Amino acid sequence: MASRSSSSVETASSSSMREFLRQAGGVAVVDGGLATELERHGADLNDPLWSAKCLLTSSHLIRAVHLDYLEAGADIIITASYQATIQGFEAKGFSTEESESLLRKSVEIAREARDIYYERCSEGSCNDSDGRVLKRRPIIVAASVGSYGAYLADGSEYSGDYGEAMTLGALKEFHRRRVQVLTEAGPDLLAFETIPNKLEAQAFAELLEEEDIKLPAWFCFNSKDGINVVSGDSFLECALVAESCKKVVAVGINCTPPRFIHGLITTIKKVATKPIVIYPNSGESYDADRKEWVQNTGVSDEDFVSYVNKWCEAGASLVGGCCRTTPNTIRAIYKTLPNRSTSPPEQ
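Looking up the protein chain in an unreviewed UniProt entry gives the name Putative methyltransferase, with the organism given as Rosa chinensis.

As structure tokens, this is what we get:
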């Protein structure tokens with residue numbers, strides 16, 4: 001693939017995503033929340049590194065959560081690198097080499113989980129077993145690239161306010177080596193997530209071109225009003241940045257309340273021809289000052305899943321969950337999709 005021109009890479013990546021969706025029956029299932037599941041497994045995430053802390057202390061828990069989601073029917077698992085940055089690890093006293101190793105580890109854990117899952121599929125039934133989906137199928141490992149605000153750990157990924165001093169060039173330099181290391185670790189896709197403003201979307205798009213990244217990518221933005229991204233920038237303009245980037249094979253929405261998703265899909269469709277990916281949060285409110293979720297402000301799994309087919313009818317073709325969603329949410333999504341039981345097997 002290294003010898004191909006960028007235009008042929010774009011064509012190959014786009015066709016690969018569409019073939020992946022075809023094999024998934026038209027709609028692929030993305031996994032759900034990671035951090036809250038790690039906490040449920042006993043992890044203490046009270047740290048600026050958040051879920052990435054488990055790369056240091058308890059990688060077995062990350063692997064277990066990945067497996068939970070695969071057995072719930074997820075076709076795409078997203079690595080524990082959302083809040084993992086070289087700068088963040090260095091601030092904790094790690095060397096550059098150690099920091100890069102931890103980034104690679106996030107991809108390795110997800111790939112290991114996929115291998116273990118395939119072994120379980122071979123050993124078990126091809127049908128649901130004790131509620132588990134044990135069906136050999138194409139599975140994508142998506143390397144998460146969180147925003148600069150996620151590194152700051154001050155809630156600014158929910159505001160997009162980086163201050164006037166933050167420039168396009170500075171954002172590219174912040175993310176450059178991280179994107180290189182994650183790409184070299186061997187995921188199938190780069191998932192640029194919770195992008196809060198147009199400037200960071202432009203930085204990601206330019207990085208993909210400048211570094212001639214051979215992996216496909218998706219861009220997902222977050223919104224708190226259903227019209228703009230969280231910074232106040234036009235969602236339409238942000239979607240256009242993703243649509244215009246040759247390396248991006250899907251564009252969409254994550255970490256956004258379910259009630260806004262349908263309208264945002266409609267907005268994306270005004271400018272995008274690429275597949276639309278959505279993984280909303282549970283609808284609960286996050287208190288950035290207290291760094292905790294406000295209880296009883298979200299929707300139930302039943303209500304969440306009731307939206308899914310409407311979202312797909314509106315144009316979404318990759319659907320999952322973000323913060324506070326669980327393997328039960330993902331299992332319910334898998335079961336509600338009409339084509340999953342009849343989707344063609346892996347070739």
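There's plenty left to go through after this.
Visitor: Please give an account of the nonpolar core that cites residues and values.
Guide: Nonpolar side chains tend to gather and get buried jointly when the protein is soluble and globular. Membership of the largest hydrophobic core comes to 86 residues, with the highest contact counts inside it found for L190, F192, F219 and F221. With residues near it in sequence (within four places) discarded, F221 still touches I195, A201, V229, F235, C238, A239, A242, V251, G252, I253, N254 and T256.

Visitor: Break down the environment of A72 for me, citing the residues and quoting the values.
Guide: With respect to the helices, strands and loops of the structure, A72 is situated in the loop between helix 4 (59-71) and strand 2 (76-78). For A72, a relative accessible area of 0% corresponds to the buried category. Each C-alpha atom, one on A72 and one on V29, is 9.6 Å from the other, the two residues being 43 residues apart in sequence. Apart from the residues within four sequence positions on either side, A72 is in contact with V133, P327, I330, R331 and Y334.

Visitor: I'd love a proper account of the UniProt feature "binding site: Zn(2+)" (unreviewed entry) in the protein chain, names of residues and values included.
Guide: With numbering matched to this structure, UniProt assigns "binding site: Zn(2+)" (unreviewed entry) to C255, C322 and C323. What stands out for the annotated residues spanning 69 residues is how close their C-alpha atoms remain, the widest pair being 6.4 Å apart. For C322, the location among the structural elements is in the loop between strand 10 (316-319) and helix 14 (327-336). Apart from the residues lying within four places of it in its own chain, the contact partners of C322 are G32, G33, N254, C255, Y279, P280 and N281.

Visitor: Residues and numbers for the pattern of salt bridges, please.
Guide: Enumeration according to the criterion identifies 19 salt bridges in this entry. One salt bridge connects E237 with K198, and the closest N-O pair in it is separated by 3.2 Å. Of this pair, E237 sits in helix 10 (residues 235-244) while K198 sits in helix 9 (residues 198-210), and the two are 39 residues apart along the sequence. Exposure remark for E237: the relative accessible area of 41% places this residue in the partly exposed category. Between K214 and D212 there is a salt bridge, and its shortest N-O distance comes to 2.5 Å.

Visitor: Pulling in residues and values, what's your account of the packing of helix 6 (residues 96-123) against helix 8 (residues 168-184)?
Guide: The geometry of a pair of packed helices is captured by two quantities: the angle between their axes and the separation between those axes. With their axes 9 Å apart at the nearest point, helix 6 and helix 8 run at an angle of 45° to one another. Taken as axis vectors, helix 6 and helix 8 run oblique relative to one another. The handedness of the crossing between helix 6 and helix 8 comes out as right-handed. Residue-level inspection shows E100, L103, R104, S106 and V107 of helix 6 in contact with helix 8, the latter providing R177, R178, V181 and L182. When its residues are assigned to classes, the contact of helix 6 with helix 8 shows four nonpolar, one polar and four charged.

Visitor: An account of helix 4 is needed here, citing residue identities and associated values.
Guide: When the terminal C-alpha atoms of helix 4 are compared, their 19 Å separation across 13 residues agrees well with the 18 Å that a helix rising 1.5 Å per residue should span. Turning to helix 4, its buried residues are S59, L61, I62, V65, H66, L67, Y69, L70 and E71. Buried residues along helix 4 sit in contact with helix 2 (35-40), helix 3 (54-57), strand 2, helix 6 and helix 14. At the exit of helix 4 stands G73, carrying a positive phi of roughly 115°.

Visitor: I'd like a description of unusual backbone geometry, backed by residues and values.
Guide: If you check the backbone angles, W50 has positive phi at about 55° while not being a glycine. In this structure, W50 sits in the loop between helix 2 and helix 3. Note on W50: relative accessible area 25%, which makes it partly exposed. Backbone geometry places C255, a non-glycine residue, at a positive phi of 50°. In this structure, C255 sits in the loop between strand 6 (248-254) and helix 11 (261-269). When its relative accessible area of 7% is taken as the criterion, C255 is described as buried.

Visitor: Report on the packing of helix 9 against helix 10, specifying residues and quantitative values.
Guide: Packing of helix 9 against helix 10 brings their axes to within 9 Å, and their N-to-C directions diverge by 0°. Classified by the angle between their axes, helix 9 and helix 10 sit roughly parallel to one another. Between helix 9 and helix 10, the residues in contact are K198, A201, Q202 and A205 and E237, C238 and V241, respectively. Taken together, the residues that form the contact of helix 9 with helix 10 break down as four nonpolar, one polar and two charged.

Visitor: So what's going on with the sheet that holds strand 4 (residues 189-195)? Residues and values would help.
Guide: Through backbone hydrogen bonds, the strands of a sheet pair up, either in parallel or in antiparallel fashion. Read from one edge of the open sheet, eight strands run 1-10-7-6-5-4-3-2, paired in parallel fashion. Two strands bound the open sheet, and with one partner strand each, they are strand 1 (28-29) and strand 2. Relative to strand 3 (residues 140-145), strand 2 runs parallel, the two being bridged by three bridges. Counted as the bridge partner of I78 is A142 from strand 3. Where helix 11 meets the sheet, it contacts strand 6, strand 7 (276-279) and strand 10, and its direction lies at approximately 150° from that of strand 6.

Thresholds applied
- Residues numbered from 1 in each chain as written.
- Predicted model: local features only at pLDDT ≥ 70, side-chain atom pairs only at ≥ 80, totals over all residues.
- Heavy atoms only, no water.
- Core = buried A, V, L, I, M, F, W, Y, C linked by side-chain atoms within 4.5 Å.
- Buried < 20%, exposed > 50% of the residue type's maximum accessible area, 1.4 Å probe, protein only.
- Contact = heavy atoms within 4.5 Å.
- Helix = DSSP H or I, 4+ residues; strand = E, 2+ residues; numbered from the N terminus.
- UniProt positions renumbered as here; feature names shortened; annotations may be inferred.
- Salt bridge = Lys/Arg side-chain N within 4 Å of Asp/Glu carboxyl O.
- Axes fitted to C-alpha atoms, helices over the stretch in contact; angles between N-to-C directions.
- Parallel < 35°, antiparallel > 145°, perpendicular 65-115°, else oblique.
- Left-handed = near helix turned anticlockwise from the far one by under 90°.
- Nonpolar A, V, L, I, M, F, W, Y, C, P; charged D, E, K, R; others polar.
- Expected span 1.5 Å × (residues − 1).
- Pairing = 2+ DSSP bridges.

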